[in-house]
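# Coordinates in review
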Amino acid sequence: MALIRWNHTRDLPSWPSEVFGLQRDVNRMFDNFFRGGLQDDSTELSAWTPAVDIAEQKDAYLVKVELPGVRKEDVKITLESSILTIRGEKKQDTETATENYHRVERCYGSFQRSFTLPTTVKADRIEAVYKDGILNITLPKAEEAKPKQIEVKVK
Amino acid sequence: MEDGKQDALMRRPEDALQRVPVPPERIVTPVADLFETGDAFIMKLDMPGTAKECIHLSIESDRLAIRASVAVPHPASAHVLFSEIGHKKYLREFNLGDGIDRDKIDALYEDGVLTILLPKTEALRPRTIPIR
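Residues numbered from 1 in each chain as written. Chains lettered and ligands numbered in written order. Predicted model: local features only at pLDDT ≥ 70, side-chain atom pairs only at ≥ 80, totals over all residues. Heavy atoms only, no water.

### Some details on the overall build of chain A
Secondary structure assignment for chain A yields two helices and nine strands. Element order for chain A, N to C, with α for helix and β for strand: α-β-β-β-β-β-α-β-β-β-β. Across the 155 residues in chain A, those meeting the buried criterion constitute 36%. Of all intrachain contacts in chain A linking residues separated by at least 6 positions in sequence, the fraction that spans at least 24 positions is 56%. Surface summary for chain A: the accessible area is close to 9900 Å², and the carbon and sulfur share equals 53%. (Helix = DSSP H or I, 4+ residues; strand = E, 2+ residues; numbered from the N terminus. Buried < 20%, exposed > 50% of the residue type's maximum accessible area, 1.4 Å probe, protein only. Contact = heavy atoms within 4.5 Å. Areas by Shrake-Rupley, 256 points an atom, 1.4 Å probe, with all protein chains shown as cover.)

Written out as structure tokens, the structure is:
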């Protein structure tokens, strides 16, 4: 049995889904507004949702994803028309899955997160490093997206 | 004394300028799994972003305390657009029962997961009693 992270906007079975669907859309609209166009597109296909941080530097976007206990072979990152998708699976250790459990708080199963990046990035220069349970993705900005200083001559 | 006071007042505006906004640090309770084998209890805690050197395990009377610091997530020059991880440290405490051999507790940090091995004392281990 897969454990599913409780999400109050999604998982209450006694409420009609369209009510929460609408609420979710409204929440997302507000979230997107305050994030200045950066969109978290969908987490609905996930059994759990890893936490994400995104920061912008002059020449790159830095994305951090918390993936404790996920093997790097089980993570897939794709960029498709400025939508960055991180998906994968957290597998339960086979040797421990059959043991006598007292407490299970950690989440297992598939995850997926997508973000629409506000400007174009150099798709062929994206780098990802996995260390200590954190996936660090560096997305260098394309030349046209970098801030430019233009000198205007006063006549 | 008079001069000292004046000096402190003069310095105050400068101090205000030097104050760098520090993101608030949260104390997070890491999620844990606990399971049992014949010889031991095994605990696994999700603690991404820390390092072996930054984790402190301590036992005081019957309390096992797990503390860890986490590096600041982004360089100071970066503009944070989206933050769910933020700046945090980990803290969690457990009560240890009598059946755990405190001297043989072992821990391993790998891929953001802390695994703590809590061996059982002889009294708690399963035994079979031969029939005479």
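### Description of the overall build of chain B
If you tally the helices and strands in chain B, you get one helix and nine strands. Starting at the N terminus and ending at the C terminus, chain B contains elements arranged as α-β-β-β-β-β-β-β-β-β. Burial statistics for chain B: of 132 residues in total, 37% are counted as buried. For chain B, long-range pairs separated by at least 24 residues make up 56% of all intrachain contacts whose partners lie at least 6 apart in sequence. On chain B, roughly 8900 Å² of surface is accessible, and the fraction owed to carbon and sulfur atoms is 54%.

### Notes on the pattern of salt bridges
Evaluated as defined, the whole model comprises 17 salt bridges over all chains. A salt bridge links Lys131 of chain A to Asp132 of chain A; the shortest N-O distance between them is 3.3 Å. Between Lys120 of chain B and Glu36 of chain B there is a salt bridge, with its nearest N and O atoms 2.7 Å apart. Within this pair, whereas Lys120 of chain B is found in the segment after β9 (113–119), its partner Glu36 of chain B is found in strand β2 (residues 32–36), the two being separated by 84 residues in sequence. Judged by relative accessible area, Glu36 of chain B falls into the buried class, the value being 19%. One network of salt bridges, with partners in common, ties together Lys90 and Arg106 of chain A together with Asp33 and Asp46 of chain B. (Salt bridge = Lys/Arg side-chain N within 4 Å of Asp/Glu carboxyl O.)

### Remarks on unusual backbone geometry
Backbone geometry places Asp132 of chain A, a non-glycine residue, at a positive phi of 50°. Looking at where Asp132 of chain A falls in the secondary structure, it is placed in the loop between β8 (127–131) and β9 (134–140). The residue Asp111 of chain B is not glycine, and still its phi comes out positive at about 50°. Mapped onto the fold, Asp111 of chain B is located in the loop between β8 (106–110) and β9. Under the relative-accessibility criterion, Asp111 of chain B is labelled partly exposed at 30%.

### Some words on the interface of chain A and chain B
Of the residues lining the interface, 37 residues belong to chain A; the matching set on chain B comes to 36 residues. Summed over both partners, the interface of chain A with chain B comes to about 3100 Å²; 54% of that surface belongs to carbon and sulfur atoms. The largest contributions to the chain A side of the interface with chain B come from Asp53, Arg106 and Asp132 of chain A, which together make up 21% of the buried area. Viewed at the interface, chain B and chain A are joined by six salt bridges. (Buried area = accessible area lost by both parts, 1.4 Å probe.)

### What about the nonpolar core?
Within the largest apolar cluster, 23 residues are counted, with the highest numbers of intra-cluster contacts made by Val63, Leu67, Ile86, Leu135 and Leu139 of chain A. Looking at this core, the elements that each hand over two or more residues are β2 (52–56), β3 (60–66), β5 (83–90), β7 (109–116) and β9 of chain A together with β6 (79–83) of chain B. Ile86 of chain A has contacts with Val63, Val65, Val75, Lys76, Phe111, Gln112, Arg113, Leu135 and Ile137 of chain A, leaving out every residue within four places of it along the chain. Of all hydrophobic cores here, the second largest spans 20 residues; its members include Leu34, Leu45, Val70 and Leu96 of chain B. (Core = buried A, V, L, I, M, F, W, Y, C linked by side-chain atoms within 4.5 Å.)

### Considerations on the environment of Leu114 of chain B
Residues and elements named next belong to chain B. Tracing the sequence through the fold places Leu114 in strand β9. Separated by 71 residues in sequence, Leu114 and Met43 place their C-alpha atoms 8.0 Å apart. Contacts of Leu114, omitting those with residues within four sequence positions, involve Met43, Lys44, Leu45, Met47, Ile55, Ile66, Ala107, Leu108 and Tyr109.

### Considerations on the sheet that holds β6 of chain B
If you walk across this open sheet you meet the five strands as β8(A)-β9(A)-β3(A)-β2(A)-β6(B), and the pairing is antiparallel. The sheet is open, and its two edges are formed by β8 of chain A together with β6 of chain B, each paired on a single side. Averaged over all adjacent pairs, the angle separating strand axes in this sheet is 15°, with direction ignored. Sheet topology note: the β2 of chain A/β3 of chain A ladder contains five bridges and is antiparallel. Residue pairing in the sheet places Val52 of chain A in a bridge with Val65 of chain A of β3 of chain A. (Pairing = 2+ DSSP bridges. Axes fitted to C-alpha atoms, helices over the stretch in contact; angles between N-to-C directions.)

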